[in-house]
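Coordinate inspection notes
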Amino acid sequence: MRAILLHLRTNLLFLPIVLLFLSSEGYAQIIDMQLSNRRSVKPDWFGIGSQNTTRDGMYIDHPDLLQHAPDMNAKVIRFPSGGNSNWWDWKTGWFVDDPNVPPHNPNQAPVYNTLENFKVLVDETGAVPLFALNMISSTLAYQLEMLHYADSLGMEVKYIELGNEFYLAEEEDSSYIYSIFPDAQTYGIVASKWIDSIHAHFPEAKVAAQGAFNRNNQSRRVLWDGNLLETLEGEDAITFHQYFSASGTEAKGEGDGKYNTNDVVEFLYRPFKAWNIMATEDLPLVRPGKEVWITEYNLQDFNIPVHGSWGHALFVATQTLHYLESEKITNVNFHTVCGTAGYGGYFIDYKGFKFKDDGSFKEPPNPPITTSWDKTSSGHAVQIISEAVDGMKYASELSFTGAPAIAFVEDDETVTYPSLYGWQFSNDNASTAIIVNLSGSEQKIKTTDVFKTGGNYERIAAAATDYIANDGDVLKKNSSVPATLTVKEYSITNKAG
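Criteria and cut-off values
- Residues numbered from 1 in each chain as written.
- Predicted model: local features only at pLDDT ≥ 70, side-chain atom pairs only at ≥ 80, totals over all residues.
- Heavy atoms only, no water.
- Helix = DSSP H or I, 4+ residues; strand = E, 2+ residues; numbered from the N terminus.
- Rg over C-alpha atoms; globule rule 2.2 N^0.38 Å.
- Buried < 20%, exposed > 50% of the residue type's maximum accessible area, 1.4 Å probe, protein only.
- Contact = heavy atoms within 4.5 Å.
- Lys, Arg positive; Asp, Glu negative; His and termini not counted.
- Charge placed at Lys NZ, Arg CZ, Asp CG, Glu CD.
- Pairing = 2+ DSSP bridges.
- Axes fitted to C-alpha atoms, helices over the stretch in contact; angles between N-to-C directions.
- Salt bridge = Lys/Arg side-chain N within 4 Å of Asp/Glu carboxyl O.
- Core = buried A, V, L, I, M, F, W, Y, C linked by side-chain atoms within 4.5 Å.
- Polar contact = N/O pair within 3.5 Å; in protein donor to acceptor, adjacent residues only side chain to side chain.

1. A few points about the overall build of the chain
In terms of helices and strands, the chain carries 11 helices and 24 strands. The C-alpha radius of gyration of the chain comes to 22 Å, within 12% of the 23 Å expected for a compact globule of 497 residues. Along the longest, intermediate and shortest principal axes, the C-alpha atoms of the chain span 65 × 50 × 45 Å. When the 497 residues of the chain are sorted by exposure, 59% land in the buried category. Summarising the internal contacts of the chain: among those between residues at least 6 apart in sequence, 79% fall at separations of at least 24. One finds the centroid of the 37 positive side-chain charges in the chain at a distance of 5 Å from the centroid of its 62 negative side-chain charges.

Okay, structure coming up:
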């Protein structure tokens, strides 16, 4: 089943009947699972960002990070990642000495993240770098020197991204960035020169220019992709950062500012809406033959305390799997490896629900104490998916005949999305699969047509409104695959080969 949204005009009085049917306990029908068309998956399809290694005493080769990062199975690590890229001095491994640099924990002593430090993490994980270059406070010559130095250290110069989020209007450094790149055409002219020079020095490297995901209809975002192509030449790829909120209702000021079970149905629909925007508005503008890299993605909501909930895990799992729906997308990078429950894959301390450094997200009532280097809710989601993808060559979307749809009303229309969403991954010798149950009911799936050789499965689950503060907050089950597999409500299941 393709994850394209279906909108039907409806009488509002009918909606509770739909929801009662879809969320009723003990949904008994056996669901038939089948495979769709197969696409190829690059060995380094999944990656991760490293931005938060500049915060709260963290650094790129911190012993705890080196111990845990390999479990994420990231084949690409973006460096230095995020807005840091625009103000980064690779020789010092810290921010440039420039009065225009936005505040970065000004009371914190610098912890340097040099290329030598970064190489330690790259070697420990076996990943390749994705270098995000500084086009704002540096020069082309200085950035080429960095790439040559990375090459001399034995790091592969394979993926390069030209700058970070020049289309934003609301950041502290946006006005300064606008003074350098007043529009996408100007950026395209400069980016073309950088691409040509980088290719001359590193002919095998792939160089990407920035695209803009149209998340909010801001005029600069809306016009960016089309305007960029007027002047851009020689790009190998276009990058997108996809962040999306948990609730359009709350964003319009129509909610109560809280997160409870009544919010879950809309929350778990939002990745489908985000994908629909990207698939219909952004990806069609990418020129034929050019790759797409999702160099940052995650949940981003400032209105209700959803970050770190199990709903956040289900959101990110669905978001990650959607990128398989376009063969243009050849690399995805979860943002980011560690930090708080806001963005991190791992907690770095006991204050994982204190969000002052993660964009002022709303904290839950009575924020729980977190366990250092246990996974966040989103960390659980991307880890189980990256494990399934690791070593696989192909992906096929799973269809679930007989599975109920989930529905709710948005702007006087009924919006539906699938309760089960999943993909199978395979190579010449084995297969894995991820199945996400987005409903509040257990569902029974016939496995024999797809999982012909059986195998084992791992399932992780929690209540969608639970906050995940340590690994013990997630319910886990490991067992052999039966002919009829029961997938628990609000769960993510990985079938191993």
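2. Observations concerning the sheet that holds strand β23 (residues 484–487)
Read from one edge of the open sheet, 9 strands run β22-β21-β24-β19-β18-β15-β2-β20-β23, paired in mixed fashion. The open sheet has two edge strands, β22 (475–480) and β23, and neither has a second partner. Taken pair by pair, the neighbouring strands of this sheet meet at an average axis angle of 25 degrees, ignoring direction. Examined bridge by bridge, strand β21 (residues 456–461) and strand β24 (residues 491–496) share 6 bridges and lie antiparallel to one another.

3. With respect to the pattern of salt bridges
Enumeration according to the criterion identifies 15 salt bridges in this entry. For Asp-449, the salt bridge goes to Lys-446, with nearest N and O atoms at 3.6 Å. Between Glu-489 and Lys-488 there is a salt bridge, with its nearest N and O atoms 3.8 Å apart. Each of the salt bridges in this network shares a partner with another, and the network as a whole consists of Lys-42, Lys-206 and Glu-291.

4. Section: the pairing of strand β18 (residues 420–426)
Look at any regular strand and the pattern is simple: side chains alternate between the two faces of the sheet. Where burial is concerned, most of β18 is hidden: 7 out of the 7 residues are buried. The side-chain alternation of β18 yields two buried faces, one formed by Leu-420, Gly-422, Gln-424 and Ser-426 and the other by Tyr-421, Trp-423 and Phe-425. Pairing of strand β15 (residues 394–401) with β18, which is carried by 4 bridges, proceeds in the antiparallel orientation. Counterpart to Ser-396 in the pairing with β18 is Gln-424. Relative to strand β19 (residues 431–437), β18 runs antiparallel, the two sharing 7 bridges. Each residue of the ladder has a partner; that of Gly-422, found in β19, is Ile-435.

5. Concerning the nonpolar core
Core analysis: the biggest nonpolar cluster contains 121 residues, and Leu-162, Tyr-187, Trp-310, Phe-425 and Ile-492 have the highest contact counts within it. In terms of residues, this core owes the most to one element, helix α9 (residues 264–282), which gives 9 residues. Among residues more than four places away in sequence, those in contact with Leu-162 are Leu-133, Met-135, Tyr-187, Ala-191, Trp-194, Ile-195, Ile-198, Val-207, Ala-208 and Gln-210. By size, the runner-up hydrophobic cluster in this structure holds 14 residues, among which are Met-33, Phe-400, Tyr-457 and Val-481.

6. A few points about the side chain of Ser-192
Along the chain, Ser-192 falls in helix α6 (residues 184–201). Within the local environment of Ser-192, its side chain forms a polar contact with the backbone nitrogen of Glu-233, the two atoms lying 2.8 Å apart. Setting aside chain neighbours within four positions, we find Ser-192 in contact with Thr-231, Leu-232 and Glu-233.

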